[in-house]
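# Coordinates in review
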Amino acid sequence: MPNIKRLDRLVRAFKRLPGVGPRQAERFAAYFLRASRGEVEEFITALTDMKQGIVLCPVCFSYSEDGLCPICRDSDRDTSQICVVEDPQDIEAVEKTKLYRGLYHVLHGAISPLEGRGAEQVKIRELLERVQNAQTPVREVIIATDPDSEGETTALYVADLLRGLVPQITRIGYGVPLGGDLDYMDEMTLGYSLKGRTKI
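Residues numbered from 1 in each chain as written. Predicted model: local features only at pLDDT ≥ 70, side-chain atom pairs only at ≥ 80, totals over all residues. Heavy atoms only, no water.

What follows concerns the pattern of salt bridges. One pass over the structure, following the stated rule, counts 9 salt bridges. The residue arginine 23 makes a salt bridge to glutamate 26 at a minimum N-O spacing of 2.9 Å. A residue pair is termed a helical-turn pair when its members lie 3 or 4 positions apart in one helix, as arginine 23 and glutamate 26 do in helix H2 (residues 22–34) at 3 residues. Among the ionic pairs, aspartate 74 bridges to arginine 101, the shortest N-O distance being 3.5 Å. Taken as a pair, aspartate 74 in the loop between helix H4 (70–73) and strand S3 (78–85) and arginine 101 in the loop between helix H5 (88–95) and strand S4 (102–106) lie far apart in primary sequence, 27 residues in all. (Salt bridge = Lys/Arg side-chain N within 4 Å of Asp/Glu carboxyl O. Helix = DSSP H or I, 4+ residues; strand = E, 2+ residues; numbered from the N terminus.)

Spelled out as structure tokens, the structure:
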């Protein structure tokens, strides 16, 4: 791709997106260079609209367009269960299972001392206040943070804070996928499978 200052700036902007490498960033930039003015303006309008119109739900801290998010507004949800996730997009992953009908709480990250992110930088205090002030007593908190060191640290920290306030604190199981072969599994996946084994 030619070394043009304005084009390079756009490529650098696309490279900041998660999962976008240099080649893909160049392809995105080339697409917009060839696109009509109308397409580009539609894209800019959609981005501006999103930034101005989407807020955090005051209860669960997921994204919302108008105060409470659709899940918190849904009177059919089980208000005695809260599933704790790191990011708003994690909610969609759980919802796709169609097995969970409780509420959510989004932390917006995980505790990561290496990145300078402590418990104060994620929405753990808000979770604690929510459980303590709940109109319907919370009988279970399901911790569904990522299965990495930061996610595990966060899960343990949250569990310790909630002990004595909630009758049941659970962690989602991680492990061998259905149809998987044990000899193809890495040690971490097998380790989680062994720790999360259930009685049959």
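A few words on a positive patch on the surface. Taken together, Arg9, Arg12, Lys15 and Arg16 make up a surface patch of like positive charges. As for its position among the elements, arginine 12 is in helix H1 (residues 5–15). Looking at arginine 12, the relative accessible area reads 47%, which means it is partly exposed. (Patch = residues over 30% accessible without salt bridge, like charges linked within 9 Å, V, L, I, M, F, W, Y side chains within 5 Å. Areas by Shrake-Rupley, 256 points an atom, 1.4 Å probe, with all protein chains shown as cover. Lys, Arg positive; Asp, Glu negative; His and termini not counted. Charge placed at Lys NZ, Arg CZ, Asp CG, Glu CD. Buried < 20%, exposed > 50% of the residue type's maximum accessible area, 1.4 Å probe, protein only.)

So, on to the packing of helix H6 (residues 124–132) against helix H7 (residues 149–162). Following both chains from N to C, one finds H6 and H7 inclined at 30 degrees, their axes separated by 11 Å at the closest point. Considering the angle they form, H6 stands roughly parallel to H7. Viewed along their axes, H6 and H7 form a crossing whose handedness is right-handed. Contacts from Ile124, Leu127, Leu128 and Val131 in H6 reach Thr154, Tyr157, Val158, Leu161 and Leu162 in H7. For the contact of H6 with H7, the residue count by class is 8 nonpolar, 1 polar and no charged. (Axes fitted to C-alpha atoms, helices over the stretch in contact; angles between N-to-C directions. Parallel < 35°, antiparallel > 145°, perpendicular 65-115°, else oblique. Left-handed = near helix turned anticlockwise from the far one by under 90°. Contact = heavy atoms within 4.5 Å. Nonpolar A, V, L, I, M, F, W, Y, C, P; charged D, E, K, R; others polar.)

In this section: the pairing of strand S6 (residues 168–171). When strand S5 (residues 140–143) meets S6, the two strands line up parallel, connected through 4 bridges. Pairing of isoleucine 142 across the sheet is with threonine 170, part of S6. Assessed by its sense of winding, the connection that carries the chain from S5 through H7 to S6 is right-handed. (Pairing = 2+ DSSP bridges. Right-handed = clockwise from strand over helix to strand, strands pointing away.)

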